[in-house]
Amino acid sequence: MAYKADERISRILLGNGVLTEEQCAQISARCEESGRTESSVILESGYATEIQVAEAISQKMDLPLISLPDREIPEELLQMVDPALLKKYVVLPVEFSEKKKRTICLAMADPMNFLVMDDISAITGYRVEAVVATPQDILTTIDRYFGAEQAQDMAKLYAEERGELFQEIQEDQENDEVNNSPIVVLVNTMIEQAARQRASDIHIEALSNCVRVRFRIDGVLCERMVYSADLLPAIVARIKIIGGMDISEKRKPQDGRITVTVDRREYDIRASVLPTVYGEKCVLRLSLKKGILRSLEKLGLSEEERQKFDRILFRPHGIVLVTGPTGSGKTTTLYAALTALNRPEVNVLTIEDPVEANVDGINQLQVNPKAGLTFASALRSILRQDPDIIMVGEIRDDETASVAIQASITGHLVLSTLHTNSTANTITRLLDMGVESYLIADALTGVVAQRLLRRLCPYCKEEYEATEEEKLGLGVSPEESLRLFRPCGCGRCNNTGYHERIGVYEIMEITPEMKRLITRHGTTDEINDLAMKEGMNTLMQSAGRLVKEGITAYSEMMRLAMEE
C-alpha cells in the first residue's frame with residue numbers, strides 16, 4: 001500500500017481541479033477547529049461530491065475505487081457482521097480475496113480508519129484489505145441486503161414491548177430510551193431507506209390484516225414492507241409526534257411537517273394522515289431541500305425548447321403559466337425560472353403553499369387560510385410591495401386568476417401553475433374561471449405544459465430493432481431501420497430498468513395571431529392547431545424525441561399517451 005501520509009485529500013482535489021486554494025485553506029481551518037476528518041468537512045461544505053472525494057482517497061491510499069450497486073455479495077460474507085455495526089462504521093465486506101487466504105475485501109468510505117479494520121478483522125476472523133467506495137453506495141447496499149430484515153426485527157421487538165413503549169412514545173418524544181425504542185427506529189429506518197432509494201413518497205396503508213408500506217420511486221409505487229396490523233397505531237403515533245400533529249385525534253385528516261437529515265442531505269417531509277376503514281393511512285412526501293433548485297439547463301429542454309422558453313420568460317411583463325397534473329415537476333420548473341430571473345436590480349416575491357425551498361435574494365410568503373391569507377389576498381397585498389416579478393404557487397380559483405391577470409397587465413411579470421392537461425386547455429380553463437378573453441390575450445405571454453417520464457438506466461438498457469408498430473407510433477417509415485432501447489434491470493436501478501426522470505414539454509408562445517384567436521373565443525382544437533402550425537411540439541412529439549435518443553423507452557411514451 002503506497003500510503004502518502006504527507007498528501008492531504010484537499011491538495012489532491014486541488015490538483016484534480018475540484019477545489020481552489022481558498023477552499024483548501026477554509027477546509028484546513030475547519031479541520032483544526034473541529035478535529036474532524038478532512039473528507040467529512042469537504043463533503044459537508046459541498047465543495048466536492050462523494051465520488052470526487054472517493055477518487056481522491058483512492059489516489060492518496062493507492063487503493064481501488066469500486067462501485068457497489070451492481071455487485072452481488074456472497075451470503076456467507078453478509079452473515080459475518082451485524083448490519084448495525086456496518087452502518088455505524090460505513091463499511092461493507094464485498095468479496096473474499098482471490099490472492100490471499102482468509103482475507104476479505106472491505107469497502108470503506110474512510111480506509112484511513114485502521115481501528116475499524118482491526119475491529120472487523122477481530123469479528124470475522126479474517127484479515128482485511130480495504131477498497132474505496134462512496135458512503136452513499138455503502139449505505140444503499142446495506143439497505144438493499146439488510147433493510148427489510150432490520151425493519152422486521154424492529155417490528156418483532158416492538159411487538160414484545162408494545163404496551164410500555166407505546167405509552168412512552170405518546171408521553172415523551174425526547175427521552176433517549178424512547179428515541180432508541182423499536183418503533184422509533186422502525187420509522188427512522190423507513191424514512192432513511194426511502195431517501196436512499198430516491199423515493200418521492202412513502203405510503204403507510206392500513207389493510208384488513210396487515211400494514212403495507214410502499215415507496216413511490218420515479219413515479220411508480222413499489223411495495224417494500226408488510227407488517228402486522230398491530231403496529232399501525234404506534235407507527236401513526238410516532239409520525240404524528242414528529243410531524244407536530246394531535247396524537248389523540250383519530251377521526252379527522254391531519255397534516256404536518258418533518259425535517260430530517262439523511263446522509264448529510266436535509267429533507268423536508270410533508271405528512272398527511274387520513275382515517276380509513278381499517279385505520280389511519282399516512283403518506284409522507286419527501287422533498288430534498290436543495291434538490292428542487294435546478295438551473296434551466298438541467299430541466300431536459302431541447303435547444304429549440306430552451307430558446308422558446310427564454311423568449312417567453314424574459315419579457316418585462318405578462319403572465320407565464322406552467323401546467324400539468326400533480327407530481328409533473330411544475331414547481332421545479334418555476335424555481336428554475338425564478339433562479340434565472342433573480343438579479344439584484346429586481347424585486348422578486350412569491351406566494352406559496354407551502355414554501356418548497358428557500359432562495360437567496362427572493363422574498364417568499366406562505367399562505368395561511370386560517371389567518372385569512374389566501375393566494376388572492378396575499379397577491380393583493382404584495383402588489384403594494386413594489387414587485388417586479390411575482391410567483392403565485394397555484395391559481396386555484398376565479399379570484400386568484402383575476403388578480404394575477406390584472407397584475408400582469410399593470411406591468412408585472414407573473415409566474416404561476418394551473419392544473420390542465422395541455423397548453424390549449426389552459427386558455428379554456430381561464431375562460432371557464434370567468435376571465436375575459438381580451439384580458440387573457442393581452443396578459444398571457446406563454447404556456448408550458450409538462451410531464452415527467454422515467455429515464456432508462458444507462459448501465460443496463462438494451463438496444464433492439466423497433467417493431468413496425470413502434471415505428472408507426474414514432475412517425476418513422478416501416479422500411480427504415482430504427483434502433484431503440486428498452487429497460488432490463490440491475491442493482492443500480494433496483495432492477496426496475498429506470499433511474500430518475502426527465503421532463504417533456506409543450507411550449508406555446510402567444511403570438512399576435514394567437515391573441516386574435518383567443519379574443520374570438522377560439523376552441524381548444526383551434527388553439528392547438530394554430531400553435532402547432534406556428535411550430536409548437538406536443539408532449540407526445542417531445543416524448544418521441546427522447547425515445548429516439550435512447551433516453552426513455554417507447555412504453556413510457558405510450559404511458560403518456562394513455563394519460564392524454
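A brief report on the enclosed structure follows. All values derive from a computational prediction rather than experimental measurement.

Quick look at the sheet that holds strand E14 (residues 413-418)
Point 1. Taken in spatial order, the seven strands line up as E12-E11-E13-E14-E10-E15-E18 in an open sheet, and their pairing is mixed. With one partner strand each, in any of the chains shown, strand E12 (363-366) and strand E18 (498-509) form the two edges of the open sheet. Recorded for the sheet is a direction-independent mean angle of 20° between the axes of neighbouring strands.
Point 2. When strand E11 (residues 348-352) meets E12, the two strands line up parallel, connected through four bridges. If you follow Leu349 over to E12, its bridge partner there is Asn363.
Point 3. Lying over the sheet, helix H15 (residues 398-409) contacts strand E10 (318-323), strand E13 (389-392) and E14, oriented at roughly 135° with respect to E10.

Focus: helix H14 (residues 375-382)
Point 1. When we look at burial in H14, the residues that qualify are Phe375, Ala376, Ala378, Leu379 and Ile382. Relative to the axis of H14, the buried residues are bounded by an arc of 165° and lie together on one face.
Point 2. Residues of H14 that are buried make contact with E11, E12, E13 and H15.

Re the pattern of salt bridges
Point 1. A complete count under the given rule lists 33 salt bridges for this structure.
Point 2. For Lys281, the salt bridge goes to Glu205, with nearest N and O atoms at 3.4 Å. Of this pair, Lys281 sits in strand E9 (residues 279-288) while Glu205 is found in strand E4 (residues 199-206), placing the two residues 76 residues apart along the sequence.
Point 3. With relative accessibility at 7%, the residue Glu205 sits in the buried group.

A short note on the packing of helix H10 (residues 182-196) against helix H11 (residues 232-242)
Point 1. Their axes nearest at 10 Å, the elements H10 and H11 cross at an angle of 70°. As far as their axial angle goes, H11 and H10 are roughly perpendicular. When H10 is examined against H11, the residues Ile183, Val184, Leu186 and Val187 are found in contact with a partner set consisting of Ala234, Ile235, Arg238, Ile239 and Ile242.
Point 2. When its residues are assigned to classes, the contact of H10 with H11 shows eight nonpolar, no polar and one charged.

Re the pairing of E10
Point 1. Counting buried positions along E10 gives six out of six residues, so the element sits mostly inside the fold.
Point 2. Neither face of E10 is open: one carries Gly318, Val320 and Val322, the other Ile319, Leu321 and Thr323, and all of them are buried.
Point 3. In this structure, E10 lies alongside strand E15 (residues 444-456), joined through five bridges in parallel fashion. Note that in E15 the partner of Leu321 across the bridge is Val447.

Here's the deal with unusual backbone geometry
Point 1. One non-glycine residue, Asp218, lies in positive phi territory at about 55°.
Point 2. Along the chain, Asp218 falls in the loop between strand E5 (210-217) and strand E6 (220-228).
Point 3. One non-glycine residue, His521, lies in the positive phi region at around 60°.
Point 4. Its location among the elements puts His521 in the loop between helix H19 (512-519) and helix H20 (524-533).

Considering the sheet that holds E6
Point 1. An order of E6-E5-E4-E9-E8-E7 is seen for the six strands of this open sheet, with the pairing classed as antiparallel. Taken across any chain shown, the strands that pair with only one partner, and hence form the sheet edges, are E6 and strand E7 (254-262). Adjacent strand axes in the sheet meet at a mean angle of 20° when their direction is disregarded.
Point 2. Here E7 pairs with strand E8 (residues 265-276) via nine bridges, running antiparallel. When the sheet's bridge partners are listed, Val262 is paired in E8 with Arg265.
Point 3. Docked against the sheet, H10 engages E4, E5, E6, E7, E8 and E9, running at close to 140° with respect to E4.
Point 4. Running over the sheet, H11 touches E4, E5, E6, E7, E8 and E9 and is turned about 45° from E9.

Rules used throughout
Residues numbered from 1 in each chain as written. Predicted model: local features only at pLDDT ≥ 70, side-chain atom pairs only at ≥ 80, totals over all residues. Heavy atoms only, no water. Pairing = 2+ DSSP bridges. Helix = DSSP H or I, 4+ residues; strand = E, 2+ residues; numbered from the N terminus. Axes fitted to C-alpha atoms, helices over the stretch in contact; angles between N-to-C directions. Contact = heavy atoms within 4.5 Å. Buried < 20%, exposed > 50% of the residue type's maximum accessible area, 1.4 Å probe, protein only. Arc of directions from axis to C-beta. Salt bridge = Lys/Arg side-chain N within 4 Å of Asp/Glu carboxyl O. Parallel < 35°, antiparallel > 145°, perpendicular 65-115°, else oblique. Nonpolar A, V, L, I, M, F, W, Y, C, P; charged D, E, K, R; others polar.

All we've got here are geometric facts, nothing functional implied.
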